[in-house]
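# Descriptive analysis of the structure
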Amino acid sequence: MRERITFVQKEGDSIEPTALKVDGNGLKGPEVKAVREDRLTFALDELPAELKALLEGVNQLHVRWVSPVAYESVSPLLARLPPGFHLFYTPGSDASINPCPLLTKAFGLDSCSSPSDSFTTLPTDRFTHSTTHQFYQPLPSLKAFAHFARSLLCPPGSPSSCSSRFGSLTAASQLDLSYDTISHTLRLTSLWPYSPQSLSASLLSPTIRTEIGILSQTSPKTLEPHEIGISGLLTVLGQSTTPSPTLFSFPSRHRDSSSSFQAHFLPPTGLHPTLQLSISSPSPPAKSPTEETCRLHGYFTLPKTLFPDRHQLNDPLFLSSKNLTAVRYITPGIDLEAPEYVTSTWGSALLLELAPPHSSSSGKQWTAEIPLHLRYLPPSLTGYQKAEVPYPALFWACTAEEGTKFPGNPFEKDKVGYDGLFGERTVFWHLNPSPADGKLVNTVKVPVLNLEKADWVGTVTGAVVVAGFAWVVIKLLGVVVMGGKNVGEDKKKKQ
């Protein structure tokens, strides 16, 4: 088992090595503003039997959780996803293996039953680096996982720092779990947002190699356009009592565009709500060396309470009126008629290319609109249900220059859904979500059957049906009687 703890400050920030105290048990220092990232790496043999048995039977399993509370991050930790629980999964040779029971126990899920019932398929014909299945569920908190991890990884006799470390996951803004058959290791990565952080870290166990870094972005003259420079201090607990200075660089596919956006539903929402995106600037990122290749995209994960209509989004004139260009991906096989309560799959993913105004509008806020459709929801005592819709991830997708390579870097985050829909030379320049209320979720109030009035509705409906049936019978009898009279009159005339 290995551990890496990293404090990442903004460019230009730094700390003097003399301000840090390092010994064999931990590191202590002053409070700084930074993002904190913790990563634990496990070999298969170090995992509990149930988890080991599951991972040995799968090809890839990647969990991505994002907090519904708005947060700030810094480079190079900029990859974003819509808030909630995401699973990107490729089964092994035994397709009957079901990861849902263990994931449900670990995260407190309530809609993951099996890959065949709950998951949707992803395209693998475009690029080989994509997984084959996807699952999503809104999940506001890591409370269940914090308890699960503490019980699993902090056995009796563990230091108190072990329990408190995993307990602090409830304040994290992101969490990743990644396993693939190439590395045969499980990585657990958690990230806390940019905020005042105490420079304090301690050993989880004397047998674990723990590396600690206090880093920030830098821009040396030798830096290539597609690279990020990092400088700061590194130390390994138990091996050194003095942090060592470091300077390195690496290619990064996730960058900051310096733009922001908000998302909200236009009133009245009705059963066909429109999600409006308000975007701070129509200009592509100025720092991109291949600006002319950049296209603005929105990646949406829509729970099964609502869905996009691929036929509506295939109309070029309609798309143009909404400042949209085209649908680049939509989950196949969406049932446009089924109610929410009979739909077993989690929902649908949507990748849209947006159409910013011309460059003459540079620097001006603009909007794009995404038409959606609500499914029929279960009845309630109030006559209304709430449907929560996560913020999308917005980014400029820019193709790097021919020959550019993006090998893995210490902070790279892949398998985020949309990256599997682009080529390996694509760089994602992210827009920062900035909701007015601090929440990365929009709520729609949906009218449904009111259970308190259901009996009255049933009675009246029954009475109307009976009355209608009686009216039809009377009319039919009238036709029969009139027909009999006409027949008798015709006979008399003939006589």
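Please refer to the structure placed before this passage.
I will try to describe carefully the structure that is included in this document. (Residues numbered from 1 in each chain as written. Predicted model: local features only at pLDDT ≥ 70, side-chain atom pairs only at ≥ 80, totals over all residues. Heavy atoms only, no water.)

Before going further, it helps to spend a moment on the sheet that holds strand E13 (residues 254–265). As summarised here, the arrangement of the 8 strands in space is E17-E18-E15-E22-E23-E13-E14-E19, forming an open sheet in which the pairing is mixed. Of all strands in the sheet, those with a lone pairing partner are strand E17 (324–330) and strand E19 (366–371), marking the two edges. Here the average twist between neighbouring strands, direction ignored, is 30°. Across 5 bridges, the pairing between E13 and strand E23 (residues 426–433) is parallel. (Pairing = 2+ DSSP bridges. Helix = DSSP H or I, 4+ residues; strand = E, 2+ residues; numbered from the N terminus. Axes fitted to C-alpha atoms, helices over the stretch in contact; angles between N-to-C directions.)

On a regular strand, each side chain points to the face opposite its neighbour's, so the side chains alternate between the two faces of the sheet. Within E23, 7 of the 8 residues are buried, which leaves it mostly tucked inside the rest of the structure. Here strand E22 (residues 393–399) runs beside E23; their pairing, made up of 5 bridges, is antiparallel. Residue pairing for E23: Thr399 is matched across the bridge by Thr426. (Buried < 20%, exposed > 50% of the residue type's maximum accessible area, 1.4 Å probe, protein only.)

Further remarks concern a negative patch on the surface. A surface patch of negative charge is lined by Glu224, Glu291, Glu292 and Glu401. With respect to the element layout, Glu401 can be found in the loop between E22 and E23. (Patch = residues over 30% accessible without salt bridge, like charges linked within 9 Å, V, L, I, M, F, W, Y side chains within 5 Å. Areas by Shrake-Rupley, 256 points an atom, 1.4 Å probe, with all protein chains shown as cover. Salt bridge = Lys/Arg side-chain N within 4 Å of Asp/Glu carboxyl O. Lys, Arg positive; Asp, Glu negative; His and termini not counted. Charge placed at Lys NZ, Arg CZ, Asp CG, Glu CD.)

Residue Pro76 is bonded to the preceding Ser75 through a cis peptide linkage, with omega at 10°. Note that Pro76 resides in the loop between strand E4 (58–66) and strand E5 (84–91). Across the junction of Pro267 and Pro268, the peptide omega takes the value -10°, indicating a cis bond. Among the secondary structure elements, Pro268 is positioned in the loop between E13 and strand E14 (274–279). Despite not being glycine, His184 shows a phi value in the positive range, around 55°. Inspection of the secondary structure puts His184 in the loop between strand E8 (174–180) and strand E9 (185–202).

Another aspect to go through is the packing of helix H4 (residues 143–153) against helix H5 (residues 160–167). Where H4 contacts H5, the axes come no closer than 8 Å and their chain directions differ by 155°. Regarding the angle of H4 to H5, the classification is roughly antiparallel. Viewed along their axes, H4 and H5 form a crossing whose handedness is right-handed. Here Ala146, Ala149, Arg150 and Leu153 of H4 come into contact with H5, specifically with Cys162, Ser163, Phe166 and Gly167. Considered class by class, the residues forming the contact of H4 with H5 number 5 nonpolar, 2 polar and 1 charged. (Parallel < 35°, antiparallel > 145°, perpendicular 65-115°, else oblique. Left-handed = near helix turned anticlockwise from the far one by under 90°. Contact = heavy atoms within 4.5 Å. Nonpolar A, V, L, I, M, F, W, Y, C, P; charged D, E, K, R; others polar.)

Here we take up the nonpolar core. Phe107 and Phe145 are the most contacted members of the largest nonpolar core, which has 101 residues in total. Considering every element that reaches this core, the biggest residue donor is E22, with 6 residues. Beyond its immediate chain neighbours, meaning those up to four positions away, Phe107 contacts Val63, Phe85, Leu139, Leu142, Ala144, Phe145, Leu175 and Leu177. Ile5, Leu20, Leu27 and Ile212 belong to the second largest nonpolar core, which has 15 residues in total. (Core = buried A, V, L, I, M, F, W, Y, C linked by side-chain atoms within 4.5 Å.)

Right, let's talk about H5 for a bit. Those residues of H5 not exposed but buried are Ser161, Cys162, Arg165 and Phe166. Taken end-on, H5 shows its buried residues confined to a sector of 125°, consistent with a single buried face. (Arc of directions from axis to C-beta.)

Along H4, the residues that are buried comprise Phe145, Ala146, Phe148 and Ala149. In a view along the axis of H4, the buried residues occupy a sector of 165°, so they form one face of it. In H4, the exposed residues that point more than 90 degrees away from the buried face are Lys143, His147 and Ser151. Against helix H2 (100–107), H5, E8 and E9 lie the buried residues of H4.

Using the criterion set out here, one finds 16 aromatic pairs in the structure. Measuring from ring centre to ring centre gives 4.6 Å for Phe107 and Phe145, while their planes differ by 15°; the resulting arrangement is stacked. On the criterion of sequence distance, the pair formed by Phe107 in helix H2 and Phe145 in helix H4 is long-range, its members being 38 residues apart. A relative accessible area of 5% places Phe145 in the buried class. An angle of 40° between the planes, with centres 5.7 Å apart, marks the rings of Phe261 and Tyr391 as tilted. (Phe/Tyr/Trp six-rings, centres within 6.5 Å; stacked < 30°, edge-to-face > 60°.)

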